[in-house]
Protein chains: 2
Amino acid sequence: MRDVAIIGIGMTDFGELWNESLRSLYVRAALEAMDDAGVDHVDAMVVGCMTGGLFNGQEHLGSLMADYLGQAPVPCTRVESACASGGLALRCGIMDVASGMNDIVLCGGVEKMSDVSGAGATYALATAADQDYEGFHGATFPGLYALMATAHMHKYGTRREDLAQVAVKNHDNGLLNPHAQYRMKITVEQVINSVKVADPLNILDCSPITDGAAAVILCPLDMAKKLTKKPIVKVAATAHATDTIALHQRKDITWIGSTAAAAQRAYTMAGVKPADIDFAEVHDCFTIAEICVLEALGVVEKGQGGKATRDGVTARDGKLPVNTSGGLKSKGHPVGATGIAQVHEVVAQLRGEAGKRQLKKVRRGLAQNMGGSGGSSVVHILEVL
Amino acid sequence: MRDVAIIGIGMTDFGELWNESLRSLYVRAALEAMDDAGVDHVDAMVVGCMTGGLFNGQEHLGSLMADYLGQAPVPCTRVESACASGGLALRCGIMDVASGMNDIVLCGGVEKMSDVSGAGATYALATAADQDYEGFHGATFPGLYALMATAHMHKYGTRREDLAQVAVKNHDNGLLNPHAQYRMKITVEQVINSVKVADPLNILDCSPITDGAAAVILCPLDMAKKLTKKPIVKVAATAHATDTIALHQRKDITWIGSTAAAAQRAYTMAGVKPADIDFAEVHDCFTIAEICVLEALGVVEKGQGGKATRDGVTARDGKLPVNTSGGLKSKGHPVGATGIAQVHEVVAQLRGEAGKRQLKKVRRGLAQNMGGSGGSSVVHILEVL
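Bear in mind the structure is a predicted one, so any value in this text is a computation, not a measurement.

Caption draft 1: Spotlight on the packing of aromatic side chains. Summed over the entire model, instances satisfying the criterion amount to two aromatic pairs over all chains. Over the aromatic face of Trp255(A) sits the side chain of Lys302(A), whose NZ or CZ is 4.7 Å from the ring centroid. One cation-aromatic arrangement involves Arg23(B) over Tyr68(B); the distance from NZ or CZ to the ring centre is 4.6 Å.

Caption draft 2: Quick look at the pairing of strand S8 (residues 233–242) of chain B. Residues and elements named next belong to chain B. Within S8, nine of the ten residues are buried, leaving the element largely enclosed by the surrounding structure. Taken together, the two bridges between strand S1 (residues 4–11) and S8 define a ladder with antiparallel strand orientation. Each residue of the ladder has a partner; that of Ile6, found in S8, is Val233.

Caption draft 3: The environment of Val39(A), seen in detail. Residue and element names in this part refer to chain A. With respect to the helices and strands, the residue Val39 is situated in the loop between helix H1 (22–37) and strand S2 (44–48). Exposure remark for Val39: the relative accessible area of 11% places this residue in the buried category. Once the C-alpha coordinates of Val39 and Thr228 are considered, the two residues, 189 residues apart in sequence, prove to be 9.6 Å apart.

Caption draft 4: Layout of unusual backbone geometry. Each neighbour pair has its own omega, and for Ala72(B) with Pro73(B) the value is 15 degrees, a cis peptide bond. Examined against the element boundaries, Pro73(B) turns out to sit in the loop between helix H3 (61–68) and strand S3 (76–80). With an omega of 5 degrees, the peptide bond between Asp199(B) and Pro200(B) qualifies as cis. Tracing the backbone shows Pro200(B) in the loop between strand S5 (196–198) and strand S6 (201–202). In the Ramachandran plot, His60(A) falls in the positive-phi region, its phi being about 60 degrees despite a non-glycine side chain.

Caption draft 5: Summary view of a nonpolar patch on the surface. Residue and element names in this part refer to chain A. A cluster of nonpolar side chains, contributed by Val195, Val197 and Ile203, occupies part of the molecular surface with about 260 Å² of accessible area. Mapped onto the elements of the fold, Ile203 is located in the loop between strand S6 (201–202) and strand S7 (212–220). Classification of Ile203 by relative accessible area gives partly exposed; the value is 46%.

Caption draft 6: Here's a closer look at the side chain of Ser330(A). Residue and element names in this part refer to chain A. Residue placement: Ser330 occurs in helix H13 (residues 327–331). Relative accessible area serves as the criterion here: at 0%, Ser330 is assigned to the buried category. Setting aside residues up to four positions removed in sequence, Ser330 forms contacts with Asn170, His171, Gly174, Leu175, Ala180, Gln181 and Tyr182.

Caption draft 7: Here's a closer look at the environment of Glu345(B). Residue and element names in this part refer to chain B. Relative to the helices and strands, Glu345 resides in helix H14 (residues 335–351). Taking relative accessible area as the criterion, Glu345 reaches 3% and is therefore assigned buried. Taking the C-alpha atoms as reference points, Glu345 and Ile9, 336 residues apart in sequence, are found 9.2 Å from one another. Glu345 has contacts with Glu281, Thr324, Ser325 and Arg357, leaving out every residue within four places of it along the chain. Here the side chain of Glu345 touches Ser325 through a polar contact of 3.5 Å, landing on its backbone nitrogen.

Quick notes on the rules
Residues numbered from 1 in each chain as written. Chains lettered and ligands numbered in written order. Predicted model: local features only at pLDDT ≥ 70, side-chain atom pairs only at ≥ 80, totals over all residues. Heavy atoms only, no water. Phe/Tyr/Trp six-rings, centres within 6.5 Å; stacked < 30°, edge-to-face > 60°. Lys NZ or Arg CZ within 6 Å of the ring centre and 35° of its normal. Buried < 20%, exposed > 50% of the residue type's maximum accessible area, 1.4 Å probe, protein only. Helix = DSSP H or I, 4+ residues; strand = E, 2+ residues; numbered from the N terminus. Pairing = 2+ DSSP bridges. Patch = residues over 30% accessible without salt bridge, like charges linked within 9 Å, V, L, I, M, F, W, Y side chains within 5 Å. Areas by Shrake-Rupley, 256 points an atom, 1.4 Å probe, with all protein chains shown as cover. Salt bridge = Lys/Arg side-chain N within 4 Å of Asp/Glu carboxyl O. Contact = heavy atoms within 4.5 Å. Polar contact = N/O pair within 3.5 Å; in protein donor to acceptor, adjacent residues only side chain to side chain.

Scope: geometric values only; no functional claims are made or implied.
Below, the structure written as structure tokens:
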């Protein structure tokens, strides 16, 4: 198995982008990544997108994106794992390079969620849940995560303020990210007093509806040293795991088993422990998600995600900075793009290119991306050489 | 790169399966393949499906299928390339095993197209075309393939009867396949006199709307010899290529460039010429498609696909038997399952398990699966050891 490096990154601004389409977003991010890597062609492509069919009436995204990037006849694979589609796209590209099948591989993620002709966002997103046992009966993701939040508060004494603090911290970070959709400071009081969505979650506990795309360029590690003069970022681990798609079939709805399983594999593959991770980008689709994910990753004790947030452990100047990009909450959450955008931030931090939100002395970062209420998770660990 | 073998195959009957759901179809085919391979667990899974979102209101198929097969937390990746989703799922599984990431990998394809709550089939299938420049303006796949047929007849003198003969031949084969949706003999006259769909294509030139699933089990070639007592089928080549998604952007709409590019790569990878292929399963979504594909594969001269069919070259007793399974036309076309079902037939023939339609002395078979009007193609070459 060949070692793999990331030699280029690109992303669009995240937001309501009224004059961009699904294809234009992908191409824009891809061209920026190719330019960053200094390559004018790729050997293969992957596109992560959750539901071009429901949002845009467009499937067959492999053909579309290879065509519009001017790269056809190169192979282009579209993968989907709900909100983890971007992370999974990266993983598929890594396998392609690792196998020796292709050398220079573009992995991009995209979603065009506003100004769409298809189904409404709530219905489209709910197709990530179990349609027969959840979606059909009216369950939506704010509702499912509200159940997880209520259970966590009951079981571990997590406070309403702890949930709010996740959003406050991530907005503090997003304020420094020029690509972020919501660059504004918010307070715990504002979160707690914002419009109720599904008790105990308010609108400021939820990530927004977003248009956007992000892309990275992969190549064999040996080749990276010849292609780029920038710091070389190595893929130390890639891992993917599943769990029951429906929330009600889990023994403990506060525990994200797919993230725990993927993280365990990733730590083994990279030969590291949770304490060896310098910073992380995690899937804060709702504030409670970030708290549960910290626990599943093993970076805090079970039940202590709320307290760790309250104590500033995950702040930019804390022991383990989490979501320096602003996270899904402030940066925005174009679902298929999110997993790649997380990796964009990790690479930018490792290369020292993160501008006003740059962390000091970081060598190893983790990106965790998940689908639905945790039915799938993808974890990557990246190291700068 | 490790060599890869196929050690198990399974498929459901194809047809209007009123008491089966998307998940039950996939699980049924997967269990049959696992049973055939003699394994009770897998290390990773892939699911090929075109549009669970539009047909069934269900995305996040990786989580769903790993869960319902009782295999979670194993990683399960959903891939999409319109009607080539099945072939692409196989290719992703091959890369997984070849890379050394996983050993025993299940690749399944599925589509539940009848009795669905979502969009109608014509709209859902048209999302494989260019939504902005074809679908939005009313183009459908019968219409696009009718343009290809008209051009082929005009340019090469292909006859209406040649198109019909593709359907007649494939129904002759499907009559001998217990899994086929339409097991009935038809005549050239019946095809020509059947209901018009898009001139010159009639209803009997078109593959049907179908529910179904198919699955195969992969492992490293070295391991295959220990796991199975059946003849070992080696993956000699896997190739994937793209073309413009929209038909109007091609220089020659009778030429399927993605199939030609993928076939060329596959022949190189396997170290063979077109003449070395003993039999093939190809993507006859419409009768004209089989004719164009024969030419793009290089097994007949450009423009001679109609004549070759007329001359019996592709019949079961011809020089190159094509679609002994009945093809998409008679066996049925549950779009995400089709690419895997083709491989199911190739493996069955290579192992000598094809019953009344068994070919004599076959050692090497090819499977060609394509998306849309040829915006993507996947080609596999399999050899029995």
